[in-house]
Amino acid sequence: MSEVIDLSILLEEYLDDASGHLDSVETALLALEKSSNSGGSDPQSLISILGNLHTLKGNSGMMGFTPVQQYIHRLESVLKMVQEQEEPLSAAVFEAFYTAVSSLR
């Protein structure tokens, strides 16, 4: 006897979870941008963004969404460069990440 798995339920859960992670990324991006505009830094927001993207990347890979997984991996790479102070937080970086979140949605 074999069970049939309803993939629509799995996809619905993935999309709901992805939406939550993207909401968290947007919130942390706003906090990071505000801090950056004030001349400060907000390492906790950066960690939050990286964590949410990492989870979304893994979930996308498990679902077989390889292009999404690879796209998120590139976003993580840029943020790690920012975290290691190899790439400055600029208006262009924030614009790129807001565009990326919109694209992922």
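Coordinates for the structure precede this section.
Residues numbered from 1 in each chain as written. Predicted model: local features only at pLDDT ≥ 70, side-chain atom pairs only at ≥ 80, totals over all residues. Heavy atoms only, no water.

Undergrad: Can you lay out a negative patch on the surface for me, pointing to particular residues and giving the numbers?
TA: A contiguous patch of negative charge, built from Glu-12, Glu-13, Asp-16 and Asp-17, is present on the exposed surface. On the secondary structure map, Glu-13 appears in helix H1 (residues 7–37). (Patch = residues over 30% accessible without salt bridge, like charges linked within 9 Å, V, L, I, M, F, W, Y side chains within 5 Å. Areas by Shrake-Rupley, 256 points an atom, 1.4 Å probe, with all protein chains shown as cover. Salt bridge = Lys/Arg side-chain N within 4 Å of Asp/Glu carboxyl O. Lys, Arg positive; Asp, Glu negative; His and termini not counted. Charge placed at Lys NZ, Arg CZ, Asp CG, Glu CD. Helix = DSSP H or I, 4+ residues; strand = E, 2+ residues; numbered from the N terminus.)

Undergrad: Requested: an account of the environment of Ser-48, with residues and values cited.
TA: Checked against the element boundaries, Ser-48 lands in helix H2 (residues 43–63). The class for Ser-48 is partly exposed, based on a relative accessible area of 27%. Ser-48 sits 28 residues away from Glu-76 along the chain, and the two C-alpha atoms are 12 Å apart. (Buried < 20%, exposed > 50% of the residue type's maximum accessible area, 1.4 Å probe, protein only.)

Undergrad: An account of the packing of helix H3 (residues 66–83) against helix H4 (residues 91–104) is needed here, citing residue identities and associated values.
TA: One can describe the packing of H3 onto H4 by two numbers: an axis separation of 12 Å at closest approach and a directional angle of 160°. By the angle between their axes, H3 is roughly antiparallel relative to H4. Relative to H4, the crossing made by H3 is left-handed. Contacts from Val-68, Tyr-71, Ile-72, Leu-75, Val-78 and Leu-79 in H3 reach Phe-97, Ala-100, Ser-103 and Leu-104 in H4. The residue inventory of the contact of H3 with H4, partitioned by class, reads nine nonpolar, one polar and no charged. (Axes fitted to C-alpha atoms, helices over the stretch in contact; angles between N-to-C directions. Parallel < 35°, antiparallel > 145°, perpendicular 65-115°, else oblique. Left-handed = near helix turned anticlockwise from the far one by under 90°. Contact = heavy atoms within 4.5 Å. Nonpolar A, V, L, I, M, F, W, Y, C, P; charged D, E, K, R; others polar.)

Undergrad: Hey, could you go over the nonpolar core for me, with residue numbers and the actual values?
TA: Grouped together as the largest cluster of nonpolar side chains are 21 residues, with contacts concentrated most on Val-25, Leu-29, Ile-49, Leu-53, Leu-56, Leu-79 and Phe-97. Counting only elements with at least two residues in this core, the list comes to H1, H2, H3 and H4. Leave out the neighbours within four places in its chain, and Leu-79 touches Leu-46, Ile-49, Leu-50, Leu-53 and Phe-97. (Core = buried A, V, L, I, M, F, W, Y, C linked by side-chain atoms within 4.5 Å.)

Undergrad: Just give me the short version of a nonpolar patch on the surface, but keep the residues and values in it.
TA: A grouping of Ile-5, Leu-7 and Leu-10 is seen on the molecular surface, where their side chains present a nonpolar patch of about 320 Å² in accessible area. Tracing the backbone through its elements, the reader meets Ile-5 in the segment before H1. Judged by relative accessible area, Ile-5 falls into the exposed class, the value being 65%.

Undergrad: So what about unusual backbone geometry? Which residues, and what values?
TA: We note that Gln-85 has phi near 60°; this positive angle belongs to a residue other than glycine. Its location among the elements puts Gln-85 in the loop between H3 and H4.

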